[in-house]
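Close look at the chain arrangement
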Amino acid sequence: MSDLATALVFWPAAAFMLVTALYVFRTSSMARAGLLLLAALGIEGLIFLALASEFLGVLLLLMMSGEMVIMVFFMVMFMADPGGLMGMDMTHDKRRSAGAAVAVTAALAALALATDWPAAVMDDGGRGSRGSGRDVQQIGFEIMGRSMFTFLFAGVTILFAMVGGILLAKEGGRLGLPTPASEPRDHGAQEA
Amino acid sequence: MISLPVVLTVGALLFGIGVYGVLSQTNAVMVIMGVELMLGASMLNVAGFLRYAQPQAASGSLFVLVIMTLMALEATVGFGLVISAWRHRKTAELDDLTELKG
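So, a few notes on the structure that sits alongside this text.

Parameters and conventions
Residues numbered from 1 in each chain as written. Chains lettered and ligands numbered in written order. Predicted model: local features only at pLDDT ≥ 70, side-chain atom pairs only at ≥ 80, totals over all residues. Heavy atoms only, no water. Helix = DSSP H or I, 4+ residues; strand = E, 2+ residues; numbered from the N terminus. Buried < 20%, exposed > 50% of the residue type's maximum accessible area, 1.4 Å probe, protein only. Areas by Shrake-Rupley, 256 points an atom, 1.4 Å probe, with all protein chains shown as cover. Patch = residues over 30% accessible without salt bridge, like charges linked within 9 Å, V, L, I, M, F, W, Y side chains within 5 Å. Salt bridge = Lys/Arg side-chain N within 4 Å of Asp/Glu carboxyl O. Contact = heavy atoms within 4.5 Å. Polar contact = N/O pair within 3.5 Å; in protein donor to acceptor, adjacent residues only side chain to side chain. Axes fitted to C-alpha atoms, helices over the stretch in contact; angles between N-to-C directions. Parallel < 35°, antiparallel > 145°, perpendicular 65-115°, else oblique. Left-handed = near helix turned anticlockwise from the far one by under 90°.

1. Remarks on the overall build of chain A
Counting its secondary structure elements, chain A contains 7 helices and 0 strands. Helices (α) and strands (β) of chain A occur, in sequence order from the N terminus, as α-α-α-α-α-α-α. Per-residue burial over chain A gives 35% buried out of 192 residues. Here chain A has roughly 11300 Å² of accessible surface; of this, 70% comes from carbon and sulfur atoms.

2. Topic: a nonpolar patch on the surface
The grouping of L4 and L8 of chain A together with M1 of chain B at the surface amounts to a nonpolar patch, some 360 Å² of accessible area in total. A relative accessible area of 63% means that M1 of chain B is categorised as exposed.

3. Some thoughts on the environment of E93 of chain B
Residue and element names in this part refer to chain B. When you line up the elements, E93 lands in the segment after α3 (59-89). Between the C-alpha atoms of E93 and G34, which are 59 residues apart in sequence, the distance is 15 Å. Leave out the neighbours within four places in its chain, and E93 touches T26 and N27. A polar contact is formed between the side chain of E93 and the side chain of N27, at a distance of 3.2 Å.

4. Notes on the side chain of N27 of chain B
As for its placement among the helices and strands, N27 of chain B is situated in the loop between α1 (4-24) and α2 (28-52). For N27 of chain B, a relative accessible area of 0% gives the class buried.

5. Side note on the packing of helix α1 (residues 3-24) of chain A against α2 of chain B
Two elements in contact, α1 of chain A and α2 of chain B, have axes separated by 12 Å at closest approach and are oriented at 165°. Relative to α2 of chain B, α1 of chain A is oriented roughly antiparallel. In this structure, α1 of chain A meets α2 of chain B at a crossing whose hand is left-handed. Taken together, the residues of α2 of chain B that come into contact with α1 of chain A (itself represented by D3, T6, M17, A21 and V24 of chain A) are M30, M33, L37, L44, R51 and Y52 of chain B.

So this is what it looks like as structure tokens:
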């Protein structure tokens, strides 16, 4: 993708991504918030494609699609007002939060703009090897080569997290003890 | 045109939105969404470095894969904690979850 094409995709996509990300926390509906987050991260995948990281962009799109669909289910389950029809306020300390966010953004942006970043090392006409399909091959060699232990470790970590998440979530916790929620809810009604 | 500082600045804006979400939201699931955005911003930074600083370094792509792994782990453990809190306290509102006990 040429620099002009990259710019033509990047700017609108970046603007749309930031707006949708902001509206994740502006909407009163968690279902809408989940779909907006899916849109924001999906557009980020599009930016990855524009930045010639095709494999990572497609991977991000696939992963976020699955994760956000699951997340929307959790939102609907755990919200008193998942549709946002009652106009509930789900925020606190908005002013201080916004101040902290602006401060962090300003510091990071200043660092990004003020730092003298090294120029790209390219030996094939300015595009490097990215976007030519070779990056997928290189990632494959990297994963199956010297970074194999890192990747294996990540896989085992995901397995432990899955087991830990299930143990945390199951009724009674990992010890199987009764929780207040496991007691019959209609006890009083039965007595009556 | 696009350059590395531009990509990093967009990443900083996305990270700031995530920070706002983490600090301002009262529901645990929404906080998890804020963390997802912050991790997404870091991925965008890595993609920028891959494109504009080290286009031939495949090892940089591994950072994105590790961050994606982190996103999955954070969501898994986070949702497990939310369900556990719901079972014990009947709420996922962080303002009501001020004690570890029980």
